[in-house]
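Understanding the architecture of this molecule
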Amino acid sequence: MRNNKIFSRVLAFALAVAMLTALVSCGKKKQEVAFELGEQKITANMYRLWLSRVKGVYSNAGDDIWDEVNDDGKTYNEVFTGFVTDNAKTFVSAMHLFSELELELPKSEIKEIDKTMATLLEERGDGSKSTLNSYLSAYGVNYDILREVYIIEAKLDYLEEYLYGANGTEKITEEEKAEYYTDNYARIKQIFLYTSNKPITDDEGNFTYDTDGNVATRDFTDAEIAAQEKKAEDILGMLSKGENFATLMDKYSEDKANEQYPGGYYFTKSSQYVTEVVDLAFELEVGKFAMVKSDYGIHIILREELDAGGYAASANADFFTDFEPNLVTIKLSERLSEFKDDIVVHEDVIAKYNIKNSVVNTSY
């Protein structure tokens, strides 16, 4: 099914309405307005659908997770309901700007949406709107409302491309990319020593694999762990005496990815890597080194200066897959923020719904 890129990104790191009313409530009755900006409106039904999608993303986590409290003293229910609320504001602002710029969704986009709806009608509704609507009512919508949601999401995507795409009217400059890179990334090199799940290699040093196709590993004995810790201390001693980090890395590191990434590792604070390493990378001053232990082993890392244009180098591509999409999200958010004070939020309407009391939606 269609997915909106910005809705998905904002809720990517993130943990989606009470048992909903019967079909007639979202079909024959006038929809309650939840958010509005000028002539643009997001209804409670749309809001409920988006909540249910998020509930679907985290359906494997169990219902208890929504009552858990994070470090800020908020429940995950509050946090992620808030994310959906913020995204609803993004949508209503995007539709407002879309109209203000006098844009039109290409007919090809409408045809694609109608193709999606036709597929749903055939596969989920056996060709009957009434049957399909009986399923959709669980998420607060019907055929027409769901189609409208898909159109809203397509408009946001189109607006993003219009502003920031290859030929965008407000295309992101190289200066903006360089500033984002400098402000958000750290580069490190590391000397890594295993103390857990050491890969089993052949006589030539290549990984071996188990019957499931995974890299074969083995446990460490206490004596082996102690030997690794002693080696790490020796390496730190050599570094303290001024020996070259790269030379010691080539000699001692058991991280084969060093060969794949000769420029080192590039992280943001939200990078999906060993948490202890990412945290230390941002704590260190450029040119300084330190050691940290994780469940995987011992990491001795050196923070290095960011190299100019590192985000554009093909050798670093694995670290920058989300670089431009994230920057576009930030730029669009800034562009839409000019409308935030004019959005009317019907608190009495949205107060009825949250992630915890939503149903799980993985289909729409």
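Below you will find a few notes about this structure. Because the structure is predicted, anything quoted here is derived from the model rather than measured.

So, about empty space enclosed by the protein. Once rolled over the atoms, a probe with the size of a water molecule shows which space is left empty. Size it by volume and the largest cavity reaches roughly 50 Å³. Every residue lining the largest cavity is listed: Lys-189, Met-249, Ala-257, Asn-258, Tyr-261, Pro-262, Gly-264 and Tyr-265. The residue inventory of the lining of the largest cavity, partitioned by class, reads five nonpolar, two polar and one charged.

Another point: the sheet that holds strand β7 (residues 289–293). As summarised here, the arrangement of the four strands in space is β6-β3-β8-β7, forming an open sheet in which the pairing is antiparallel. Because the sheet does not close on itself, it has two edges, and the strands there are β6 (265–267) and β7. On average, each strand axis in the sheet is tilted by 35° relative to the strand beside it, whichever way the strands run. Bridge count between strand β3 (residues 186–194) and strand β8 (residues 297–304): eight bridges; the pairing is antiparallel. Following the sheet pairing, Ile-188 is matched in β8 by Arg-303. Along the sheet face, helix α10 (residues 245–252) touches β3 and β8 and points at about 35° away from the line of β3.

This part covers the nonpolar core. Judged by nonpolar contacts, the single largest core of 82 residues is most densely connected at Ile-42, Tyr-47, Trp-50, Leu-146, Leu-159, Phe-320 and Tyr-364. Of all the elements, helix α7 (residues 143–164) adds the most residues to this core, at 12 residues. With residues up to four places along the chain from it excluded, the contact list for Tyr-364 reads Leu-49, Arg-53, Leu-120, Arg-124, Leu-132, Tyr-135, Leu-136, Tyr-139, Leu-146 and Tyr-150. In terms of nonpolar packing, the next biggest core, distinct from the first, is built from 13 residues, Ile-235, Leu-239, Ile-298 and Leu-302 among them.

Attention now goes to the environment of Pro-262. Its place among the elements puts Pro-262 in the loop between α11 (257–260) and β6. For Pro-262, a relative accessible area of 56% corresponds to the exposed category. Taking the C-alpha atoms as reference, Pro-262 lies 21 Å from Glu-276; in sequence the two are 14 residues apart.

Before going further, it helps to spend a moment on the pattern of salt bridges. In total, this model carries 19 salt bridges according to the counting rule given. Salt-bridge contacts for Arg-335 lead to Glu-170; the nearest nitrogen and oxygen are separated by 3.0 Å. One end of the pair, Arg-335, is in helix α13 (residues 323–336); the other, Glu-170, is in the loop between α7 and α8 (174–184), and 165 residues separate them in sequence. Among the residues examined, Arg-335 registers a relative accessible area of 19% and is labelled buried. The closest approach of N and O atoms between Lys-198 and Glu-254, which form a salt bridge, is 3.7 Å. Taken together, the residues Lys-198 in strand β4 (residues 198–199) and Glu-254 in the loop between α10 and α11 connect sequence positions 56 residues apart. A single network of salt bridges, built from pairs that share partners, joins Arg-187, Lys-189, Glu-304 and Asp-307.

Together, Glu-276, Asp-279, Glu-283 and Asp-295 give the surface a local cluster of negative charge. With respect to the helices and strands, the residue Glu-276 is situated in helix α12 (residues 275–283). Judged by relative accessible area, which is 33%, Glu-276 ranks as partly exposed.

The next thing to look at is helix α5 (residues 107–123). Taking 1.5 Å of rise per residue, the 17 residues of α5 would be expected to cover 24 Å, and the 24 Å separating its terminal C-alpha atoms lies within 8% of that figure. Residues Ile-113, Thr-116, Met-117, Leu-120 and Leu-121 constitute the buried set of α5. Looking straight down α5, one finds its buried side chains confined to an arc of 140°; they lie on one side. When the buried face of α5 is taken as reference, the exposed residues oriented beyond 90 degrees from it are Lys-107, Ser-108, Lys-111, Lys-115, Glu-122 and Glu-123. Against the buried residues of α5 lie α6 (129–136) and α7.

The next thing to look at is the pairing of β3. Burial of β3 is extensive: nine of the nine residues sit out of reach of the surface. Residue alternation in β3 divides its side chains into two sets, Ala-186, Ile-188, Gln-190, Phe-192 and Tyr-194 and Arg-187, Lys-189, Ile-191 and Leu-193, and both sets are buried. One ladder, built from three bridges, connects β3 with β6; its direction is antiparallel. Bridged to Ile-188 within β6 is Tyr-265.

Quick look at the packing of aromatic side chains now. Two descriptors summarise a pair of aromatic rings, namely the distance from one centre to the other and the angle between the planes of the rings. Scanning all chains against the criterion turns up 27 aromatic pairs. Taken together, the aromatic side chains of Tyr-180, Tyr-181, Tyr-185, Tyr-261, Tyr-265, Tyr-266, Phe-267, Tyr-273, Tyr-311, Phe-319, Phe-320 and Phe-323 make up a single cluster linked through ring pairs. The aromatic ring of Phe-220 is capped on one face by Arg-218, whose charged end is 5.3 Å from the ring centroid. Stacked on the ring of Phe-207, the Lys or Arg Lys-256 has its end atom at 5.7 Å from the ring centre.

Reading the values: the criteria
Residues numbered from 1 in each chain as written. Predicted model: local features only at pLDDT ≥ 70, side-chain atom pairs only at ≥ 80, totals over all residues. Heavy atoms only, no water. 1 Å grid on protein atoms, 1.4 Å probe; cavity = no way out; pocket = protein on both sides within 12 Å on 5 of 7 lines; lining within 4 Å. Points joined across faces, edges and corners; volume = space filled by probe spheres on them. Nonpolar A, V, L, I, M, F, W, Y, C, P; charged D, E, K, R; others polar. Pairing = 2+ DSSP bridges. Helix = DSSP H or I, 4+ residues; strand = E, 2+ residues; numbered from the N terminus. Axes fitted to C-alpha atoms, helices over the stretch in contact; angles between N-to-C directions. Contact = heavy atoms within 4.5 Å. Core = buried A, V, L, I, M, F, W, Y, C linked by side-chain atoms within 4.5 Å. Buried < 20%, exposed > 50% of the residue type's maximum accessible area, 1.4 Å probe, protein only. Salt bridge = Lys/Arg side-chain N within 4 Å of Asp/Glu carboxyl O. Patch = residues over 30% accessible without salt bridge, like charges linked within 9 Å, V, L, I, M, F, W, Y side chains within 5 Å. Areas by Shrake-Rupley, 256 points an atom, 1.4 Å probe, with all protein chains shown as cover. Lys, Arg positive; Asp, Glu negative; His and termini not counted. Charge placed at Lys NZ, Arg CZ, Asp CG, Glu CD. Expected span 1.5 Å × (residues − 1). Arc of directions from axis to C-beta. Phe/Tyr/Trp six-rings, centres within 6.5 Å; stacked < 30°, edge-to-face > 60°. Lys NZ or Arg CZ within 6 Å of the ring centre and 35° of its normal.

Any link to function would need more than the numbers given here.
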